[in-house]
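So the chains spell out like this:
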Amino acid sequence: MRNLDTITLLNRLIVTTKNGEAALRAAASEVHHAELQESLEEYSRFFADAARELQASVEALGGKPKGSGTFDNTLHRTWLHIKANAYGRDEAVILDTVEADEQEADARYSDALTWSTPPEIHALLERQYEGTHQRHDHIRQLRQQLEHAA
C-alpha cells in the first residue's frame, strides 16, 4: 500500500474517532447514572487519544491529518440532545444512539484491518480496534445492568 492510501485510511479513522469523541461526550452529558457517565466520558477520552495517535501517524507518513469530525456529526449530537430531552433523558434511548455509533466505529476499524498497511500502522489499528471493542462491550454490560435494575 502506498503512503497516500494509508494516509487516506488514517484520515477516515481520524474523522470516525473525532465524531465518536464528540458523540460520547454529548451522551455523557445526558445520562444520570454516575458510573455510566464516567464510562462514556472515559470512552470519549479514549477516542480523543486515538485521534491524536492517528494524526501523529499521518504526519509521520508526510500527510496532513484531519483536525475535526463532520458537520453531520454535529447534527447527530443535536438530535441526540433533542431526543434525550423528549424522552425524559431515558438512558436506554441515549444508549441506542451510542450503540449505533459504536457499531459504525467497530465496522470502520474492522475494515481498516483488512487493508495492507505498514506493520506499525497495522499494530496501531489492532490496538485501537481492541480498545474500542472492549469499551463498547463495557457500555453494553452497563446498559444490561441498568435494564435489569429498572
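First things first, this report covers the structure right here in the doc. (Residues numbered from 1 in each chain as written. Predicted model: local features only at pLDDT ≥ 70, side-chain atom pairs only at ≥ 80, totals over all residues. Heavy atoms only, no water.)

1. Quick notes on the pattern of salt bridges
Any two side chains of opposite charge can pair, so long as their charged atoms come close to each other. By the definition in use, this model includes eight salt bridges. Where Arg-52 meets Asp-49, a salt bridge forms, and the shortest distance between an N and an O atom there is 2.2 Å. In this pair, Arg-52 and Asp-49 both sit in helix 2 (residues 34-60), three residues apart, roughly one turn of the helix. Accessibility expressed as a relative area gives 40% for Asp-49, which makes it partly exposed. Connected through shared salt-bridge partners, Lys-18, Glu-21 and Arg-25 make up one network. (Salt bridge = Lys/Arg side-chain N within 4 Å of Asp/Glu carboxyl O. Helix = DSSP H or I, 4+ residues; strand = E, 2+ residues; numbered from the N terminus. Buried < 20%, exposed > 50% of the residue type's maximum accessible area, 1.4 Å probe, protein only.)

2. Brief notes about the packing of aromatic side chains
With the rule as written, the count across this model stands at three aromatic pairs. Their ring planes at 50 degrees and their centres at 6.4 Å tell us that Tyr-43 and Phe-46 sit as a pair that is tilted. Of the two residues, Tyr-43 and Phe-46 are both situated in helix 2; the distance of three residues between them amounts to about one turn of the helix. Given a relative accessible area of 13%, Phe-46 falls into the buried group. Ring geometry for Tyr-43 versus Phe-47: centroids 5.1 Å apart, planes at 15 degrees, classification stacked. Of this pair, Tyr-43 and Phe-47 both sit in helix 2, four residues apart, roughly one helical turn. Across this residue pair, the class does not change: Tyr-43 and Phe-47 are buried. Within the aromatic cluster, the residues linked to one another by ring pairs are Tyr-43, Phe-46 and Phe-47. (Phe/Tyr/Trp six-rings, centres within 6.5 Å; stacked < 30°, edge-to-face > 60°.)

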